[in-house]
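These are the residues of each chain, in order.
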Amino acid sequence: MSSVQRSIFFSAAERYASLLLFLVSTAVLSRLLTPKEFGVYAVVGAVTTVVAVSSQEFGGANYIIQKVSLSDANVRTAFTVTFCLSALIGAGLYLLGGMLGALFGEAGIEAGIAVAALNFLITPFSMTIIALLRRDMRFGVIAGGNLAGNFATVVASIALAALGYSYLAPIWGMVAGSAVQAAYMMAGRDDLRIFRPSLEGFPEVVRFGLYSSGVVLINVLYNSAPQLFLARVLDFAAVGLYSRAVNVTQVFDKLVIQVISPVIMPAIFAQTKAGADLKRIYLDAIGLLTVLHWPFLILVAVMAKPIIAVWLGPTWLEVVPLVRLLCIAYLSLFAACLTYPVLVAAGSVRDALVSSLISLPPSLLLILGASFFGVGAVAASALLTLPFQAAVAIYFVGRHIELRPIDILRATQKSGVVAAGSGVAAAIGAALIDYGVIGQAAGVVAACAAAAAAWLAALVAVQHPLLPKLKMAAGEALFITWRIGVPVPLSSGRPDRDGC
């Protein structure tokens, strides 16, 4: 198993375990918290996330990963810049909590921000270690830390919600998860001198951070804007409904994108350094992503009502039309996770920022206008904003790798056939549920199984490029299982490293 495949394996194991925790915690918290309480938590999360990325990206992970020759002084400086900025922002946010509570007309915002501000003192430690581990493709250690943190978050959130902590329960849960993750990462590292303050070479860190943090900041601001607009224009119940709809729509991100995202940038840098063609890497990745991305979103859109009823409960059925609109809009974001890594690999992190500055401000204005017409209008606005953002991003990528529209079409045409085939199977399952032929829970399982079978059959029928990779992955999984279950004699002379 190659280092990239091993990294994806560990990342997938962690993400799927975390996804299971997410599904359980979401189902439980949806029954312990009202839409309004979840809305307050969502607004606090939106505000703190927007400001957090300013410090986390300014000197942190991406600088450490892309640095060709990395010294201890570089790492110490990156940590120092990140920690100082993070602490400063956290203190400022704490002091502004009262004003933000008054702005949104909800006293709970101030209390929530006061708790969430603690994260700004914790995350720089774990983030620096994770960046070093990502650079070395040591995703097994990262997986352990992330899983420990996620488990602590879920346990603390559910326990506190059951004790009546309301919207503060998941906020305290996030703090507990960050603390456990940081402790895990630091306990597994022998040399903690990387946390000694240093400002050696800080202009280089700041220069890269200006572009990197700008890209992330404007994207996070855009993602958080609907919740903030709805909280200001409508009410916190609308925020809760929209946030839940986004959570459901983004399950694919948790299943796939978050599995491969930590690996994408290091892998692209490794392949281009070895002489691989960046355009071919990009197009191959699009072909593999769309055959997973499109069928999943179509399945969720078609099966939204029974999925919501079974997972979140009948009190959340108002999110069904929102989920369907967002799923359709998200179909256009099939290459979103590749834009930043490819532009950085092409030596143009500046274009990543320019692309965001062109596409996101008009999108924000449209969302703001839509918020005056209700939460449904905000979800519907994504049908315009997301395809526009995707087109701008692909244009800027295309400038560096000589990409043409016909190249995109050729790379995704087989995926479109596969998505249509699995979508038909899902639609048949949805119809059977609507007509009462089968119950909702059983129907969801049956429809997912039918869609998966149709997906696999279509994959074989069109001979999709993913097919040989699935065969290879299945063979390696069987080999790993055999190696774990059957001891290899010491006389075999084969190294037993990492179970591979």
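Structure: above.
The model shown is predicted, which means the values in this text are computed figures rather than measured ones.

Undergrad: I'd love a proper account of a nonpolar patch on the surface, names of residues and values included.
TA: Together, V424, I428, L432, Y435 and V437 give the surface a local cluster of nonpolar side chains, amounting to about 560 Å² of exposed area. Of note, Y435 is situated in the loop between α19 (405-434) and α20 (440-462). Given a relative accessible area of 72%, Y435 falls into the exposed group.

Undergrad: Break down unusual backbone geometry for me, citing the residues and quoting the values.
TA: Of note in the backbone geometry, S166 takes a positive phi value of approximately 55° without being a glycine. Topologically, S166 is positioned in the loop between α8 (139-162) and α9 (168-187). You will see that Q463, though not glycine, has its phi angle at about 55°, which is positive. Tracing the backbone shows Q463 in the loop between α20 and α21 (466-485).

Undergrad: Kindly report on the packing of aromatic side chains, identifying the contributing residues and their values.
TA: The description of an aromatic ring pair uses the distance of the two centres, along with the angle that the planes make with each other. Per the counting criterion, the structure on display carries ten aromatic pairs. Every member of this aromatic cluster is reached through a ring pair, and the members are F79, F83, F125 and F195. For the cation-ring pair, R244 lies above F38, with the distance from its terminal atom to the ring centre recorded as 3.8 Å. Over the ring of W316 we find R244; its NZ or CZ atom is 5.4 Å from the centre of that ring.

Undergrad: Let's hear about the side chain of E106: which residues, and what values?
TA: Inspection of the secondary structure puts E106 in the loop between α5 (97-104) and α6 (108-116). For the buried E106, no salt bridge is present, and the opposite-charge side chain at shortest range is K36, 4.0 Å distant. Engagement of the side chain of E106 in a polar contact is seen with the backbone nitrogen of G108, the distance being 3.1 Å.

Undergrad: So, the nonpolar core: which residues are in play, and what are the values?
TA: The nonpolar side chains of a soluble globular protein tend to be buried with one another. Ranked by internal contacts, the top residues of the largest apolar core, which has 105 residues, are V43, I109, Y282 and V323. Per-element accounting of this core gives the leading share, 13 residues, to helix α13 (residues 278-302). The residues contacting I109, other than those within four sequence positions of it, are V40, V43, V44, L100, G101, F104 and F236. Core analysis: the next-biggest nonpolar cluster, separate from the first, contains twelve residues, F79, M137, I142 and M185 among them.

Undergrad: Got a sec to walk through the pattern of salt bridges? Specific residues and values, please.
TA: Under the definition given, this model contains three salt bridges. One salt bridge in this structure joins R404 and D407, with 3.3 Å as the shortest N-O distance. We classify R404 as partly exposed; its relative accessible area is 45%. By relative accessible area, which is 8% here, D407 ends up buried. The network of salt bridges with common partners includes K279, R404 and D407.

The rules behind each value
- Numbering of residues begins from 1 in every chain and follows the order in which that chain's sequence is written.
- Reporting in this predicted model follows two pLDDT cut-offs: at least 70 for local features of residues, and 80 or more for side-chain atom pairs to be given and counted; totals over whole chains, interfaces and linings ignore these cut-offs and use all residues.
- The side-chain quantities take in all heavy atoms of the structure and omit both hydrogens and water.
- Only residues above 30% relative accessible area that lack a salt bridge enter a patch, with like-charged residues linked at up to 9 Å and the nonpolar side chains Val, Leu, Ile, Met, Phe, Trp and Tyr linked at up to 5 Å.
- The method behind every accessible area is Shrake-Rupley, applied with a 1.4 Å probe, and residues are considered shielded solely by the protein chains displayed.
- By convention in these notes, a salt bridge is any Lys or Arg side-chain nitrogen within 4 Å of a carboxyl oxygen on Asp or Glu.
- Every helix listed is a DSSP run of H or I at least four residues long, and every strand listed is a run of E at least two residues long, numbered separately from the N terminus.
- A 1.4 Å probe rolled over the protein chains alone gives each residue an accessible area, and that area as a share of the maximum for its type sets the label: buried under 20%, exposed over 50%, partly exposed in between.
- Each pair of aromatic rings taken from Phe, Tyr and Trp, with Trp reduced to its six-membered ring, is defined by centres within 6.5 Å and is described as stacked if the planes are under 30 degrees apart, edge-to-face if over 60, and tilted in the remaining cases.
- Cation placement over rings: the criterion is NZ of Lys or CZ of Arg within 6 Å of the ring centroid and within 35° of the ring normal.
- Only four residue types enter the tally: Lys and Arg on the positive side, Asp and Glu on the negative side, with His and both chain ends excluded.
- Polar contacts, as used here, are pairs of N or O atoms within 3.5 Å; protein pairs need one atom able to donate a hydrogen and one able to accept it. Residues neighboring in sequence count only if both atoms are side-chain atoms.
- We define the nonpolar core as a collection of buried residues of types Ala, Val, Leu, Ile, Met, Phe, Trp, Tyr and Cys that are connected through side-chain atoms lying within 4.5 Å of one another.
- Should any heavy atoms of two residues lie within 4.5 Å, those residues are counted as being in contact.

Note that all results are geometric; they support no functional claim without further evidence.
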